[in-house]
Each structure stands twice: as C-alpha cells, then as structure tokens.
Protein chains: 4
Amino acid sequence: MKAGEVFMTHRGVIKHDDIIGQPWGVRLESHSGHPFFVLQPGITDLVQAIKRTTQIMYPKDIGYIVLKLGIGPGKRVLECGGGSGGLTTVLAFLTGDTGRVYSYERNPEVQQLARKNLRLLGLDQQVEFKLGDASDGFEERYLDAIFLDLPNPYDYLEQVSPSLKGGGQFATLLPTMNQVELTLRALAHSNFAFIDVCEILLRHYKSDWGRLRPVDRMVAHTGYLIFARSIQASLDGLEKDEGDKETDD
Amino acid sequence: MKAGEVFMTHRGVIKHDDIIGQPWGVRLESHSGHPFFVLQPGITDLVQAIKRTTQIMYPKDIGYIVLKLGIGPGKRVLECGGGSGGLTTVLAFLTGDTGRVYSYERNPEVQQLARKNLRLLGLDQQVEFKLGDASDGFEERYLDAIFLDLPNPYDYLEQVSPSLKGGGQFATLLPTMNQVELTLRALAHSNFAFIDVCEILLRHYKSDWGRLRPVDRMVAHTGYLIFARSIQASLDGLEKDEGDKETDD
Amino acid sequence: MKAGEVFMTHRGVIKHDDIIGQPWGVRLESHSGHPFFVLQPGITDLVQAIKRTTQIMYPKDIGYIVLKLGIGPGKRVLECGGGSGGLTTVLAFLTGDTGRVYSYERNPEVQQLARKNLRLLGLDQQVEFKLGDASDGFEERYLDAIFLDLPNPYDYLEQVSPSLKGGGQFATLLPTMNQVELTLRALAHSNFAFIDVCEILLRHYKSDWGRLRPVDRMVAHTGYLIFARSIQASLDGLEKDEGDKETDD
Amino acid sequence: MKAGEVFMTHRGVIKHDDIIGQPWGVRLESHSGHPFFVLQPGITDLVQAIKRTTQIMYPKDIGYIVLKLGIGPGKRVLECGGGSGGLTTVLAFLTGDTGRVYSYERNPEVQQLARKNLRLLGLDQQVEFKLGDASDGFEERYLDAIFLDLPNPYDYLEQVSPSLKGGGQFATLLPTMNQVELTLRALAHSNFAFIDVCEILLRHYKSDWGRLRPVDRMVAHTGYLIFARSIQASLDGLEKDEGDKETDD
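Once a new chain begins, its residue numbering starts again from 1 and follows that chain's sequence as written. Chains carry letters and ligands carry numbers; both start at the beginning, A for chains and 1 for ligands, and go up in the order they are written. Reporting of local features is limited, given that this is a predicted model, to residues whose pLDDT is at least 70; pairs of side-chain atoms are given and counted only at 80 or more, and all residues count toward the totals for whole chains, interfaces and linings. Derived side-chain values reflect all non-hydrogen atoms in the structure, with water molecules and hydrogen atoms excluded from consideration.

## Focus: helix α7 (residues 177–187) of chain D
Heads up, the condition is: For every residue, the accessible area (1.4 Å probe, protein chains only) is compared with the maximum for its type, and the residue is labelled buried under 20%, exposed over 50%, or partly exposed between those bounds. A run of H or I in DSSP counts as a helix once it spans at least four residues, and a run of E counts as a strand once it spans at least two, with each numbered from the N terminus. Here, two residues are considered to be in contact whenever any of their heavy atoms come within 4.5 Å of each other.
Judged by how many residues are buried, α7 of chain D sits mostly within the fold: eight of 11 residues are covered. The complete set of buried residues in α7 of chain D reads Met177, Asn178, Gln179, Val180, Glu181, Thr183, Leu184 and Leu187 of chain D. Residues of α7 of chain D that are buried in the fold lie against α7 (177–187) of chain A, β10 (192–205) of chain C together with α6 (157–160), β9 (164–174), β10 (192–205) and β12 (224–230) of chain D.

Set out below in structure tokens:
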C-alpha cells in the first residue's frame, strides 16, 4: 500500500491514499461509485493468497488436520514437503510465540518462496526452515505432531517415529487410493496405532434466501487424510483398526 | 488416576499403579494379556469426552469454523449458547494465555457444567463465563470473532454487530434450512458482508489396506455453517453474495 | 448419415461411407490414423444428445425416479412440463408398446421440439403429446405415476390426485429448498402419504488404475427429489413422515 | 392374504377379510383406530422385500445401472452372480415379454431362492436361470448388456466379451478400491472402451417442512460402479479414459 498509487478493479479505481489510515471494516467507494470494504485478511484468505509453485491445501482439510493434530499455542510440530508455505502459515499462526514449527523441504527454491511468504505475513520467526530430504530423518525429538506432504509417506515412517513423543500425532494427505493402500500397509508394520482414514467434502450454498440451494459445482476431491499415533512397542495381536467405527469424530 | 484403583475394560483389568509415572505412548498389558497404550488425549478426544447436556459440535465443523474465524493465540472471541463447553474448550486452547474467550450462556446449570469441564482440562483461566441472554447484548467491544450457538441467531445480529471490530468474523451453525433462510434474510438487511453458507461432510474409510473402502454408514448431517464479516455502513447497491462462487475455500 | 459426406473431428476426418453398413462396435480409423468406434447410442446418450431449450434432467436422477415410480412395460405415466423431451424419452423407451406416456406442456414451441426429438429416436408413437396447463387438470384417470417438472408443483396437487390410481406414485424434482418446503406443506394437507425427500450425488472416478481417485470437480446439485403416493382418504392423525427413516431405499 | 387371518402390527390388528377385495389406495383402520393404507408394492419395495442370503443391491445403484445399460422392453441381458434375485427382479420387470434375462449362478440353493422370489412376483417367465460358473463362459451371443455381481469380475472379461454384441454394455459393482484397481487394469488390456467409474450417494431428508434438514445418518458406501462398452479390436494408441471428464452423466 503506497501513497500516490491506485488499485484498479473491474468496479472502478480506488486510491491507496483513501485506504491508508482507515480502520478495518470501513466502506469506501471507487471512482465509479461502487462500494468497497477494507477488511483485514483472515488466515484462510492468507493461505489462499500466497504465491505458490505447488499444489495448495484446502481450508476444509487444514482445519480438520490441525484440530486432529492438536496444534495450538506452545506445540512443536514438524512438516516435511512444506511447499510454498500454505500449511506452514497456519501452523506458525497457531503455535504462536511459545511453540515452534520445523519445516523441511528439499527444493531450495520452493523453500525460499515459503520463507518469503511467511515473512510477508510476519510469521517467519515462528518457523525453522530446514533444507533436507525425509530419507535422512529429522533432527528434532519429542515433537507433538508431524505432517508429511510427500507422495510416498509410506517410505519414511521409520524416520517419523523417533522424532515424535510417545502418543504423538502423525498425519498425511494423499490424492490417490494407491498411495493410501501403501501407507496403510506400512503403518500396519510400524510403531503406530489408532489409524484413521477419511475424506472431507465441502459443499457451498448460494446465499440467496429466496432460492436456497447448493452451488452448481463443487470440488469432488482434494485428498484422503490419514492419521495415526506413535506408540512405543510392537503391535502383535493388537486390533489397530479404529477406522471401522461408524461414528463421526 | 488414583493409586490402588483399577480400570476395568472388556479386554481385561489394568491397575492405575501400572499407569502412574509411565511416559505417554507406553504399552501396557491388561491382566488378560491384551495390549493397552497410554496416550495423552488430543483436543478432539477432549471435546468428545466432556460431559454434556446439549447437542455436541463435531470436529469436522469445529476445525473449519475456527480456521475461518481466524482463532489463534492472542485473539479475543465470544460465543453465546456455550452449552457444555465443547467449542469453548477448543477456543480456550487456541487463543492461549494472550487471548480471551467470552462465553455467554443463559442457563446457570449448563454453564456450571461447562465451567467444570474447562477446569478439568486446565483451560478455565482463559475463559470469562458470563450468565446472560443474547437479547441483552454483549459488553465486549472490538472482538475478533463471535459465534452464536443459538436456534435463532437471526434475532441477534444487532447485538452482534457493535461487539465486533470492523471486519470481524461472525459465524453460526444451524440444523435446518428454515433457520438458514431466516438468517440469510436478516444478514441481507444488516451490517454484514461476505456471507458464506456451506456444509461439511466427513467420510471415514476402513483402514484395512487389502479391502479399501468407506465405512458402511456415516453422519449425513450436523448443521449448515454460515459465515459473515462485520462492515461499517449500509450495503445499498452492494452485491453481497459471494456464496455463488464455485470455488472451494 | 449420408453417402458422400464426412464427419470432422479434432482427431481427424471420417467418411460416412466408411461407417454405413458396418456392424455396431466396429473399429475405424480417421484419415490421420486415430481409432474410432461405431457404437449404438445408449438411452443415457440419447437423453443428453437431444436438442433442448430447457434445463436438462441428469441420468443420476432419472434412473432413481423411474425405478421409484415403477416405470416399465405396460405402465401408464403422465409428465407435465415435459420440456425438450429428456425424461419423455426414457419414459417412452421403458413403457414400450404396451404402455403409454402422456406429456403435457403449455408452450407449443417447446412441445414441438420434444415431439421432433422423440420422432428422431423412433419413440414418438408411445407418447401422447398434449398442449395444456397443469392448472386445468389432466384428462387421464387411473395412471400409475405422475411426474411434475414445474417450479410450483405445490399448486397442482388437487389436479394430480384424481388422475392417479389408488396408491399411484407422484414425483417432482425441485432445485431450491424453498420449493421443497412449499411442496411438503401442500402434501401435508393432501391425499398423499409415504412422502420421501432425497437428493442424489454422483461422483466420477478417474479410470487410471495406477492413480485411483475421484475426478477433481463434480456436480454439487441438480435438485431435490420428492416422492409421494396417492391415498383415498384424509390423513387426520396419521404419521405421514417416513423421511425420518435412516435406511437407504 | 387368507380369509379369516389377521395382520398384527404395533399400531393394532387388521383382519385380512377387511383388505381382500378392496381397491389399491383404500384407507382402513386397525382395531385400535390407527389408519392403514392398502398399496400395491412398487418395484423398489419388491426388491427390498425379497428373501435373501446375499448382499442386497440398493435402488440408488440399480436405477443408475439399468439406465446406463439401456435395459428396457425387448432387451436381452445377462447377469452372473444373481444371488437372491434383487437385480434379477428389476431386469425381468423392465425387459418384459419381448426381452430376456439370463441369470447365471453357481450355487444351486441361492438360485432356487431367486427362482422362488421371481415366481412370487410373477416374473419368473422372463428369466432363464442357469447353473454355472463365470469361468466356463456364457452360451448367449449378441447380448445387449452383461452385469457381473462377482468379487473378481477382472478374471472373466474374456468370457464376457464374446457374449456381448458390438458396443454392448458391461457393468459391475465392487465394494473395495482394490477390486476397482484390478478391474480397471484388466479392462485396459481387453476389448472394452468408454470405461466409467463412479459412486452414487443418496441422502434422505426429513419431510417436516418446518424443520427441513437431512436425516442424521446415511449409507456412506455400497459399492463402486464400473461401466464399459465392448469393442471389436485392440486399443493400441487409443485414449480409453473417459473418466476424467468432469461432467455428470
């Protein structure tokens, strides 16, 4: 937002000078008389506005993931395959000054973009960016949660396990059923239990109260979510499946 | 957890003495040899475990709501119709020491239960419990977000508006389309914009990798979510509907 | 298909002469070597290929409607608001030589298009096209089923009732919840019982077996389906709702 | 329905004598004054009422399958793994006197039950029941459609192909993604094209117009549907996938 500049839209032009110094929520008009509102971006706006080179994660998935992983002030969480920083942004926002986000990424350019995105949002101080590949394992220990945003998380469960605290939460998001199959197979032979596989569908409605109905089209699929918790010992004889439960948690 | 007591399950008996002092994630065995794990409860476990007299909110909805409302460390949020404290728990957890939750409820007994539930979880210091009815309005000003868990939120938009900061987030969850219709109608004549109506469906899968498929039955409906943002002035001539957008946010 | 003409596609040109006389299922090649197959159109292909001026009905809805209405050989069924003939085509195909379709439409031009579409498919002999408005009622009696494809079916239940046989099936498809509300209210004061309201969602999957997943986007909404059966007498004291049932029929 | 007998329900007793001779749709009262209606069962009622030893197929799936397969008067259709006769009933009803249903089943007792069920409904004359295993192939040729209700349809595509007419429709319904994967892989190396994979979700609504909302719980999964059409020659170089299309057909 710079003095003297203008913001051009298909509903008219607005001067930056008219915006600077105004309170959030104020109503302005463009040169053509269309109303505009000055609103502070929400965290979901930020996630979707960041520049990216990789597949975006959707708020419908992010909201459920961070709640299931128990992300909040003071928590220490690691992500690998951080991409452009969409999930990183939410993790950094939620863990706050007292928590910590460790963001591994093996592509330096992608990580540079994530770092820049987080700095723009004033959240980069919460994040420790690390260049590195999941196959080399992670330096951190006793983490509250780990999220792998990789096509083959099933190859890295042995790297994940020692970095989680006992009972720590593991999660991943996978676009295809073939990946889900391989991940479940790997989890069945690992130190994880309470495995949960699910998918979330979000359906928007038109907001015309006289013609209440869903919008015509929707996102049919983003990915399957898998959650599991780290346990100490082998699982011989344990019924690990809690996915059969018909209840909605 | 008391020394000398036992925990009885359909898979055998476990002594509290065997659990006390153990690290999270440890593997124990019941007297009958079944394995058990000592895990710290996650926030979703806590929400679902609390005693309640009222309708529960589901994690699938809570996760999306708190993300859309931008709830995190330092935020100030108000809920009205707090019930037994399910959402209150998550709000208190997320806003942390630097934020604040204002929880209005008109039924003293229900509020007493919520207070007790939050105390058990060590989260009651973050919450200001207030006995009161939405019709009397709220004392707080410049709040980041307000969530109404009431059957008739459409009656209280005038009370909500002055308590929100400019651009502050409003949300509600309603089981029926009739309530959605009335709320959208009220929002159309109020100081709110960026109205969004949606519903979230969660489908669990069985975790048997050799027989990958969704579970047989699922929750078909919890409620419709409505979001809107507070704006300063009247909306004459403004296209307020952004619900028509086909994109998934 | 005319001798001497050609069929141009983005994968090359095919001569009509190469197709005429070939058996169904044969494999041809375009001038550029791309393979093409000569396939008899299925009924769902026909429904979607007909010229239309009005909103199309989707196979996902048509399939369920005709099964619930019990449409088959020998049945007598009436539709009102026939439009361009999409549903009419399926009804005519299913009722066959021994059944009968009565298709009411008040717009002569729209009906002319439907008539032409049915003739092209060789199905027009099964259909009695009638110009007329639902408010004037229907001449037929003892019909097996009636489908109203009108925005306000709730205004015409008194016209529907005397044309159905005892226990005859009524159905309608409505895009908005406001219409559903009005229709259910009208049905509650009419000679109908066994009311059922539902919606059908169809999700396509990519057919790549190595990357099994749903397609990215889907149709989120076509309409709500309402079914009811005609009964003789008033319903004082009868529990008419069977929509509460959780079972899937 | 036998003279002198009674029908006992939790809303009172009804004498068969009161029902015999009454027209469809008539309103009776039980001895306790509760209203009852005498209605002719619809085809969906029949499918769900038949005695069965095997997994039932749901109307939501049956309706879409028969429409996609183009089943109607005069068509010749084969099913294998007929089970207790649920789908057989609908196929026999729809193909009528001029069509033919060939129902293969390798378990004589299960087939005996199907035969009995069809006889009760007066539809057994339309069906040719055949004891036999898919691996031995089918005697029929130039069929319009074949439906395999078997756990491993991917093993029998070579048996299916020669029995279908050119362009004939093949379909199957499979509960797990692992089966879908194997079937798609087999189809990719067979004389089939226009492969379509999908699933259908049915959501019921409560019929209380003052409290419009979906029911609380629903069927989350019955099975994945796969459709394909028989073609003459090999498919080298052909883009067979039409599942990528985002359109709803």
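Further notes follow.
## Focus: helix α4 (residues 86–95) of chain D
All names here are of chain D. In terms of residue burial, α4 counts as a mostly covered element, since 10 of its 10 residues are buried. Among all positions of α4, only Gly86, Leu87, Thr88, Thr89, Val90, Leu91, Ala92, Phe93, Leu94 and Thr95 are buried. Just beyond α4, the residue with positive phi is glycine 96, at close to 65°.

## As for the pattern of salt bridges
To keep things clear, this is the line we draw: We count a salt bridge whenever a side-chain nitrogen from Lys or Arg sits within 4 Å of a carboxyl oxygen from Asp or Glu.
Tallied over the full model, the rule gives 52 salt bridges over all chains. Its salt-bridge partner being glutamate 199 of chain A, residue arginine 203 of chain B comes within 3.2 Å of it at the nearest N-O pair. Pair noted here: arginine 203 of chain B is in strand β10 (residues 192–205) and glutamate 199 of chain A is in strand β10 (residues 192–205), and the two residues belong to different chains. The class for arginine 203 of chain B is buried, based on a relative accessible area of 2%. Taking the relative accessible area as the measure of exposure, glutamate 199 of chain A reaches 2% and is therefore buried. Note that aspartate 196 of chain B and lysine 68 of chain B form a salt bridge whose closest N and O atoms lie 3.3 Å from each other. A residue pair is termed long-range when its members are at least 10 positions apart, and aspartate 196 of chain B in strand β10 and lysine 68 of chain B in helix α3 (residues 59–68) qualify at 128 residues.

## Comments concerning the packing of aromatic side chains
Filter applied, for reference: Pairing of aromatic rings covers Phe, Tyr and Trp, the last through its six-membered ring, and needs centres within 6.5 Å; plane angles under 30 degrees mean stacked, over 60 mean edge-to-face, and all others mean tilted. In this scheme, Lys NZ or Arg CZ marks a charge over a ring once it lies within 6 Å of the ring centre and within 35 degrees of the ring normal.
Tallied over the full model, the rule gives 16 aromatic pairs over all chains. Both rings, one in tyrosine 224 of chain A and one in tyrosine 205 of chain B, keep their centres 5.5 Å apart while their planes meet at 80°; by these two values the pair is edge-to-face. Of this pair, tyrosine 224 of chain A sits in strand β12 (residues 224–230) while tyrosine 205 of chain B sits in strand β10, placing the two residues on different chains. Both residues of the pair, tyrosine 224 of chain A and tyrosine 205 of chain B, count as buried. With a centroid separation of 5.6 Å and 50° between ring planes, the pair formed by phenylalanine 170 of chain D and phenylalanine 192 of chain D is classed as tilted. Taken as a pair, phenylalanine 170 of chain D in strand β9 and phenylalanine 192 of chain D in strand β10 lie far apart in primary sequence, 22 residues in all. Given a relative accessible area of 0%, phenylalanine 170 of chain D falls into the buried group. Given the relative accessible area of 0%, phenylalanine 192 of chain D is considered buried. The ring of phenylalanine 227 of chain B has lysine 68 of chain B sitting right over it, with the charged end atom 5.1 Å from the ring centre.

## What about the interface of chain A and chain D?
Reports often express the size of an interface as the amount of accessible area lost when the parts come together. Formally: Note on terms: buried area is the combined drop in 1.4 Å-probe accessible area of two parts once they are placed together, counting the loss on both. Under this definition, polar contacts are N or O atom pairs within 3.5 Å; protein pairs additionally need one hydrogen-donor-capable and one acceptor-capable atom, and for neighbouring residues in sequence, both atoms have to be side-chain atoms. Under the grouping applied here, Gly and all other residues not named as nonpolar or charged are polar, the nonpolar ones being Ala, Val, Leu, Ile, Met, Phe, Trp, Tyr, Cys and Pro and the charged ones Asp, Glu, Lys and Arg.
At the interface, seven residues of chain A touch seven residues of chain D. A buried area of about 560 Å², summed over both sides, lies between chain A and chain D, and 32% of it is on carbon and sulfur atoms. Linking chain A to chain D there are zero salt bridges. Applying the counting rule to chain A against chain D returns zero residue pairs in polar contact (both at pLDDT 80 or more). Taken together, the elements giving at least two residues each to the side of chain A that touches chain D come down to α7 and β10 of chain A. The dominant element in the side of chain A that touches chain D, judged by the number of residues it contributes, is α7 of chain A, at three residues. Broken down by class, the residue content of the side of chain A that touches chain D amounts to two nonpolar, one polar and four charged.

## Let's talk about unusual backbone geometry
Even without glycine at this site, phenylalanine 194 of chain A takes up a positive phi of about 55°. Residue tyrosine 142 of chain C is not a glycine yet carries a positive backbone phi of 55°. Secondary-structure assignment places tyrosine 142 of chain C in the loop between β7 (127–131) and β8 (143–148).

## A look at the interface of chain C and chain D
The condition is simple: For two strands to count as paired, DSSP must find a minimum of two bridges between them.
Counting residues at the interface gives 83 residues for chain C, matched by 83 residues for chain D. Of the roughly 7,200 Å² buried at the junction of chain C and chain D (both faces included), carbon and sulfur atoms supply 62%. Summed over the shared surface of chain C and chain D, the result is two salt bridges. For the pair chain C and chain D, the interface holds nine residue pairs in polar contact (both at pLDDT 80 or more). Broken down by element, the residue count for the side of chain C that touches chain D peaks at 12 residues, all from β10 of chain C. In terms of residue class, the side of chain C that touches chain D is built from 38 nonpolar, 19 polar and 26 charged. When β10 of chain C meets β10 of chain D, the two strands line up antiparallel, connected through nine bridges. Its bridge partner lying in β10 of chain D, isoleucine 200 of chain C is registered against leucine 202 of chain D.

## Points about the relation of the copies chain A and chain D
Worth spelling out the cut-off: All copies are superposed by least squares; the fitting set is the C-alpha atoms of residues with a pLDDT of at least 70 in both.
At an RMSD of 0.1 Å, chain A and chain D line up after a rotation of 180° and a shift of 0.0 Å along the axis. Both chain copies can therefore be described as sitting about a two-fold axis. Identified as the residue of chain A closest to the rotation axis by C-alpha distance is methionine 177 of chain A, at 3.6 Å. Here 100% of the contact residues of chain A are again contact residues in chain D; the copies associate through an equivalent surface.

## Observations concerning the relation of the copies chain C and chain D
Superposition of the two copies of the chain requires a rotation about an axis and a shift along the axis. Expressed as a screw operation, the relation of chain C to chain D combines 0.0 Å of axial shift with a rotation of 180°, fitting to an RMSD of 0.1 Å. With an isologous cut-off of 70% or more, the 100% of interface residues of chain C that recur at the interface of chain D puts this contact in the isologous class.

## Some points on the domain arrangement of chain A
Just so we agree on the cut-off: Domain boundaries shown here were taken from an automatic or database domain assignment.
In terms of domains, chain A is made up of domain 1 (6–37) and domain 2 (43–230). Relative to domain 2 of chain A, the C-alpha centre of domain 1 of chain A lies at a distance of 36 Å.

## Quick word on the pairing of strand β6 (residues 100–105) of chain C
Residue and element names in this part refer to chain C. Note the following rule: Think of it like this: strands point away, you trace from the first strand over the helix to the second, and a clockwise trace means the crossover is right-handed.
The buried count for β6 comes to five of six residues, which makes it a mostly enclosed element. Taken together, the five bridges between strand β5 (residues 76–80) and β6 define a ladder with parallel strand orientation. Opposite glutamate 79, over in β6, you have serine 103 as the bridge partner. Between the parallel pair β5 and β6, the chain is carried across by helix α4 (residues 86–95), and the sense of this crossover is right-handed. As judged from the five bridges shared by β6 and β7, these two strands associate in the parallel manner. The partner of tyrosine 102 across the bridge, within β7, is glutamate 128. At this point the chain moves from β6, through helix α5 (residues 108–120), to the parallel β7, and the crossover so formed is right-handed.

## Some remarks on the pairing of β10 of chain A
Residues and elements named next belong to chain A. The buried count for β10 comes to 13 of 14 residues, which makes it a mostly enclosed element. Pairing of β10 with β12 involves five bridges; the strand directions are antiparallel. Looking at the pairing, phenylalanine 192 lines up with serine 230 of β12.

## A few points about the packing of helix α3 (residues 59–68) of chain C against helix α3 (residues 59–68) of chain D
A pair of packed helices is captured by two measures, namely the crossing angle of their axes and the spacing between those axes. Put simply, the test is: Axis definition: a line fitted to C-alpha atoms, over the contacting stretch in the case of helices. Angles run 0 to 180 degrees between N-to-C directions. Angular relationships are summarised with four words: roughly parallel below 35 degrees, roughly antiparallel beyond 145, roughly perpendicular across 65 to 115, and oblique for the angles in between.
At a closest axis distance of 8 Å, the pairing of α3 of chain C and α3 of chain D adopts a crossing angle of 110°. When the axis of α3 of chain C is compared with that of α3 of chain D, the two are roughly perpendicular. Taking contact as the criterion, the partners of Pro59, Lys60, Ile62, Gly63, Tyr64 and Leu67 of chain C in α3 of chain C are, on α3 of chain D, Pro59, Lys60, Ile62, Gly63, Tyr64 and Leu67 of chain D. When the residues that make up the contact of α3 of chain C with α3 of chain D are grouped by side-chain class, the tally is eight nonpolar, two polar and two charged.

## Looking at the environment of proline 153 of chain B
Residue and element names in this part refer to chain B. The residue proline 153 is located in the loop between β8 (143–148) and α6 (157–160) in this model. Classification of proline 153 as buried rests on a relative accessible area of 0%. Along the primary structure proline 153 and alanine 186 are separated by 33 residues, whereas in three dimensions their C-alpha atoms are 9.1 Å apart. Apart from the residues within four sequence positions on either side, proline 153 is in contact with Leu148, Phe170, Thr172, Leu174 and Thr183.

## Topic: the side chain of serine 30 of chain B
The residue serine 30 of chain B is located in the loop between β3 (27–29) and β4 (35–37) in this model. With sequence-adjacent residues up to four places away left out, serine 30 of chain B is seen in contact with Arg11, Gly12, Val13, Ile14 and Phe36 of chain B.

## Considerations on the environment of asparagine 178 of chain C
Structurally, asparagine 178 of chain C is set in helix α7 (residues 177–187). Those residues in contact with asparagine 178 of chain C that lie beyond four places of it in its chain are Trp209, Gly210, Arg211 and Leu212 of chain A together with Glu181 of chain B. Here the side chain of asparagine 178 of chain C touches tryptophan 209 of chain A through a polar contact of 2.9 Å, landing on its backbone oxygen.

## Concerning the environment of leucine 150 of chain C
Residue and element names in this part refer to chain C. Turning to its location among the elements, leucine 150 is positioned in the loop between β8 and α6 (157–160). Judged by its relative accessible area of 16%, leucine 150 falls in the buried class. For the pair leucine 150 and glutamate 79, spaced 71 residues apart in the sequence, the C-alpha separation amounts to 9.8 Å. In contact with leucine 150, not counting residues within four places along its chain, are Cys80, Gly81, Ala134, Tyr156 and Leu174.

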